[in-house]
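Here is how the chains run, residue by residue.
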Number of protein chains: 2
Amino acid sequence: MQEYHALLKRTTLFAGIDDAGLDRLLSCLAPSCRNFSKGEALLHAGQSAGQVGVVVAGAIEAYRIAPDGTRILVSRMGPGGVFGDVLGGSSLTSPVTVVATEPVSVLFFAYHQLLVQCRNNCPAHTQLLQNLVRTISDKYFVLSRRVDLLLLKNLRAKVSSFLLSEAKRTGTATFTVPFTRAQLAEYLNCDRSALSRELSRMQAEGLIETYKSSFKLLDSTTLAHLSSQ
Amino acid sequence: MQEYHALLKRTTLFAGIDDAGLDRLLSCLAPSCRNFSKGEALLHAGQSAGQVGVVVAGAIEAYRIAPDGTRILVSRMGPGGVFGDVLGGSSLTSPVTVVATEPVSVLFFAYHQLLVQCRNNCPAHTQLLQNLVRTISDKYFVLSRRVDLLLLKNLRAKVSSFLLSEAKRTGTATFTVPFTRAQLAEYLNCDRSALSRELSRMQAEGLIETYKSSFKLLDSTTLAHLSSQ
DNA sequence: AAAAAACCGTTGCCGTGGCAACAAAGGATC
DNA sequence: GATCCTTTGTTGCCACGGCAACGGTTTTTT
């Protein structure tokens, strides 16, 4: 378990907790570590979990399964990713299916143990609770950001808004997005060909340069103007 | 404070807590009660709160203020409504402005007191924490539902989906929605005239009956079919 | 290395829905 | 009761973007 200390301290769930606190917490919470092979499901849509998972190695994807069977990508996570938190340990059923995209190791924490202050009265537990609330509200704001994007009135505004947020996230005006065209179109809720068309136009107008999934923003001020209308 | 017991027990934040537990909790948490007059702001966008508010009388609305100054209705709450919870007591700033739509009384709970198990070790505190997580994840799912709605490909699907969810919520096929046409159009992210047009068509086709903000669903099975495409 | 599959750009066609403008019907205020 | 303002329905116009189809390129499979 020691081996995960450095990683755990960088997760949102255990941020701001020192080594001693983390030690005591881990011995109290006694998470179980499980390994999954590529393609295996960690959580099925419709299940209720009662556990919070923390990815310590590998990567996972969360899909929403539409009634017609098509998979819609909701989220991707690498080491440090936290899932199952939004279910609140209640009997709520998961809206998503979580699948390993490569061999993955996950620590599972029982939800009721996260909520109950143990008899050892670990001082780090308060921080943990605050972090738990924080991980959930973070996801709330990610979703809120998505709503903002979907509310934009035309495709160019959506594209501009998305590109600017990616530039901000990566901290540079030249970046690669981890999506195929089709996935990006799905995220922006538009047709793939329409997205290609719009990107071509924007390139022709000198707003951006793009090849495959790499982008270079040439005129951020105009993009910012476009993204809010 | 006694006078609020019955109300508080029906809120999501204090659900499942008995009178004795509620008594001890309230004396520990020592919420402050504040009154606001109609139109007064309880929380400004951009502020960070550090408090959770529970409406005990009156009603409030949460607005998002667009860069061009227009107000977008995000949420409405009556007695029992909880707000400020999603900010997680952290330094996150509120994305919305909360305004009293009529004279309102609110109990404010300090966030850090909610998270810290007090030295009295109230047994109800664990339930409270679980409830807090639950109120936040509830809001997550409300937003998630909104995303589902916005992802639908055409207006008829959005309208059908919305009407069905309202019917489910009210438990009857004849109901009134608390929105003007313009507000409903805003929620569905479409033009007001387009919404009126679509409702007219649906009425002409015998799917619904509608007058102003009252609706009657005539063919729920067809509506259900429309709402998922 | 060949074959298959996935991915991407492009283009013609056309329908949904945005926009603007107007009329009618309450509701509120005086 | 007259006036003003808000809310709603309606309709013509047309642009944005969905759809389908095709070809070229890259990647994966065997």
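As a reminder, the structure under discussion sits directly above these lines.
Throughout, residues of each chain are indexed from 1 in the direction in which the sequence is written. Chains carry letters and ligands carry numbers; both start at the beginning, A for chains and 1 for ligands, and go up in the order they are written. Local features in a predicted model are, by the rule used here, given only for residues with pLDDT of at least 70; side-chain atom pairs are given and counted only at 80 or more, and totals for whole chains, interfaces and linings are based on all residues. Side-chain measures were taken over the full set of non-hydrogen atoms in the model, leaving aside hydrogen atoms and water.

> Quick question: what am I supposed to make of unusual backbone geometry here?
Comment: phi is negative for the bulk of residues other than glycine, and the bulk of peptide bonds are trans. Residue and element names in this part refer to chain A. The residue Asn-189 is not glycine, and still its phi comes out positive at about 60°. Locating Asn-189 in the fold gives a position in the loop between helix 6 (181–188) and helix 7 (192–204). Working definition: with a 1.4 Å probe on protein chains only, accessible area under 20% of the residue-type maximum means buried, over 50% means exposed, and in between means partly exposed. Given a relative accessible area of 16%, Asn-189 falls into the buried group. Strands here mean DSSP runs of E at least two residues long; helices mean DSSP runs of H or I at least four residues long; both are numbered from the N terminus.

> Got a minute to help me understand the layout of surface pockets in this structure?
Taking a probe equal in size to a water molecule and rolling it over the atoms shows the remaining empty space. In this analysis, the protein atoms alone were mapped onto a 1 Å grid. Cavities are point sets where a 1.4 Å probe fits without being able to get out; pockets are open sets with protein on both sides within 12 Å along at least five of seven lines; lining residues have an atom within 4 Å of a point. Grid points are joined across faces, edges and corners, and a volume is the space filled by probe spheres set on the points. Taken as a whole, the second largest pocket holds about 320 Å³ of empty space. Taken together, 16 residues form the lining of the second largest pocket, with Lys-158 and Asn-189 of chain A together with Leu-150, Lys-158 and Asn-189 of chain B sitting closest to its centre. Put simply, the parts of the chain that give the lining of the second largest pocket at least two residues each are helix 5 (155–170) of chain A together with helix 5 (155–170) of chain B. Across the lining of the second largest pocket, the residue classes break down as eight nonpolar, four polar and four charged. All amino acids are sorted into three groups, where Ala, Val, Leu, Ile, Met, Phe, Trp, Tyr, Cys and Pro are nonpolar, Asp, Glu, Lys and Arg are charged, and the leftover types, Gly among them, are polar.

> I would appreciate a short explanation of the sheet that holds strand 1 (residues 32–36) of chain A in the present structure.
Adjacent strands of a sheet pair through backbone hydrogen bonds, lying either parallel or antiparallel. Residues and elements named next belong to chain A. Two strands are counted as paired when DSSP detects at least two bridges linking them. Reading across the sheet, the four strands line up as 1-8-3-6 and stay open at both edges, with antiparallel pairing between neighbours. Every other strand in the sheet has two partners, leaving strand 1 and strand 6 (82–83) as the edge strands with one partner each. Relative to strand 8 (residues 104–110), strand 1 is paired through five bridges, and the arrangement is antiparallel. Bridging from a neighbouring strand, Arg-34 pairs with Val-106 of strand 8.

> Help me understand the pattern of salt bridges, please; the structure alone is not making it clear to me.
Side chains that carry opposite charge are capable of pairing whenever their charged atoms lie near each other. A pairing counts as a salt bridge when a side-chain nitrogen of Lys or Arg comes within 4 Å of a carboxyl oxygen of Asp or Glu. Tallied over the full model, the rule gives 18 salt bridges over all chains. In this structure, Arg-64 of chain A and Asp-148 of chain B form a salt bridge, with 3.3 Å as the shortest nitrogen-oxygen distance. Of this pair, Arg-64 of chain A sits in strand 4 (residues 60–65) while Asp-148 of chain B is found in helix 4 (residues 124–151), placing the two residues in two different chains. A relative accessible area of 27% places Asp-148 of chain B in the partly exposed class. A salt bridge links Arg-156 of chain B to Glu-198 of chain B; the nearest nitrogen and oxygen atoms lie 2.7 Å apart. Residue Arg-156 of chain B is found in helix 5, and its partner Glu-198 of chain B is found in helix 7 (residues 192–204); the two are separated by 42 residues along the sequence. The pair formed by Arg-156 of chain B and Glu-198 of chain B is uniform in burial state, with each residue classed as buried.

> Whenever I open this one, the protein's contact with DNA strand C confuses me. Can you help?
If even one non-hydrogen atom of a residue comes within 4 Å of a molecule or strand, that residue is called near it. Around DNA strand C, a shell composed of 18 residues is seen, among which Arg-181, Ser-196 and Ser-200 of chain A together with Leu-155 and Asp-191 of chain B lie nearest. Protein-adjacent atoms of DNA strand C, using a 4 Å cutoff, are sugar or phosphate at a proportion of 50%. Polar contact is the term for a pair of N or O atoms within 3.5 Å; when the atoms are in protein, one must be able to donate a hydrogen and the other to accept it, and sequence-neighboring residues count only if both atoms are side-chain atoms. Taking Arg-181 of chain A, its side chain carries an N or O atom lying 2.7 Å from a phosphate oxygen of DNA strand C. One of the side-chain nitrogen or oxygen atoms of Arg-192 of chain A is found 3.0 Å away from a base nitrogen of DNA strand C. For the surface near DNA strand C, the elements supplying multiple residues, two or more each, are helix 6 and helix 7 of chain A together with helix 7 of chain B.

> Explain the protein's contact with DNA strand D here, please?
Around DNA strand D lies a shell of 19 residues, among which Leu-155 and Asp-191 of chain A together with Arg-181, Ser-196 and Ser-200 of chain B are the nearest. The protein-proximal atoms of DNA strand D, defined as those within 4 Å of the protein, are 51% sugar or phosphate. With respect to DNA strand D, the side chain of Arg-192 of chain B contributes an N or O atom lying 3.2 Å from a base nitrogen. Mapped by element, the contributors of at least two residues to the surface near DNA strand D are helix 7 of chain A together with helix 6 (181–188) and helix 7 of chain B. Tallied by class, residues from the surface near DNA strand D come to four nonpolar, seven polar and eight charged.

> Explain the interface of chain B and chain A here, please?
Often, the extent of an interface is quoted as the loss of accessible area on bringing the components together. Taken together, the contacts link 33 residues of chain B with 32 residues of chain A. Once two parts are joined, some of their accessible surface, as seen by a 1.4 Å probe, is lost; buried area is that loss totalled over both. With both sides pooled, the region where chain B packs onto chain A buries about 3,300 Å², and carbon together with sulfur makes up 69% of that total. Its largest share of buried area at the contact with chain A, chain B owes to Leu-115, Val-133 and Tyr-140 of chain B, together 18% of the area lost on that side. Within the residue set of the side of chain B that touches chain A, elements represented by two or more residues are helix 3 (111–115) and helix 4 of chain B. In this analysis, two residues are considered to be in contact whenever any of their non-hydrogen atoms come within 4.5 Å of each other.

> Explain the packing of aromatic side chains to me, please; I cannot follow it from the model alone.
The relation between two aromatic rings is expressed through the spacing of the ring centres and the mutual angle of the planes. In this scheme Phe, Tyr and Trp rings, the latter by its six-membered ring, pair at centre separations within 6.5 Å, and the angle between planes marks the pair as stacked below 30 degrees, edge-to-face above 60, and tilted otherwise. This structure, assessed with the given rule, holds 16 aromatic pairs over all chains. With 6.1 Å between their ring centres and 85° between their planes, Phe-83 of chain A and Phe-108 of chain A make a pair best called edge-to-face. Of this pair, Phe-83 of chain A sits in strand 6 while Phe-108 of chain A sits in strand 8, and the two are 25 residues apart along the sequence. With respect to burial, Phe-83 of chain A and Phe-108 of chain A carry one shared label: buried. When the ring of Phe-14 of chain B is compared with that of Phe-109 of chain B, the centres are 5.4 Å apart and the planes differ by 45°; the resulting orientation is tilted. Residue Phe-14 of chain B is found in the loop between helix 1 (5–9) and helix 2 (19–29), and its partner Phe-109 of chain B is found in strand 8 (residues 104–110); the two are separated by 95 residues along the sequence. Given the relative accessible area of 0%, Phe-109 of chain B is considered buried. Lying over the aromatic face of Tyr-63 of chain A, Arg-71 of chain A brings its terminal NZ or CZ to 4.9 Å of the ring centre. Charge-over-ring placement is defined geometrically: NZ (Lys) or CZ (Arg) within 6 Å of the ring centre, and within 35 degrees of the ring normal.

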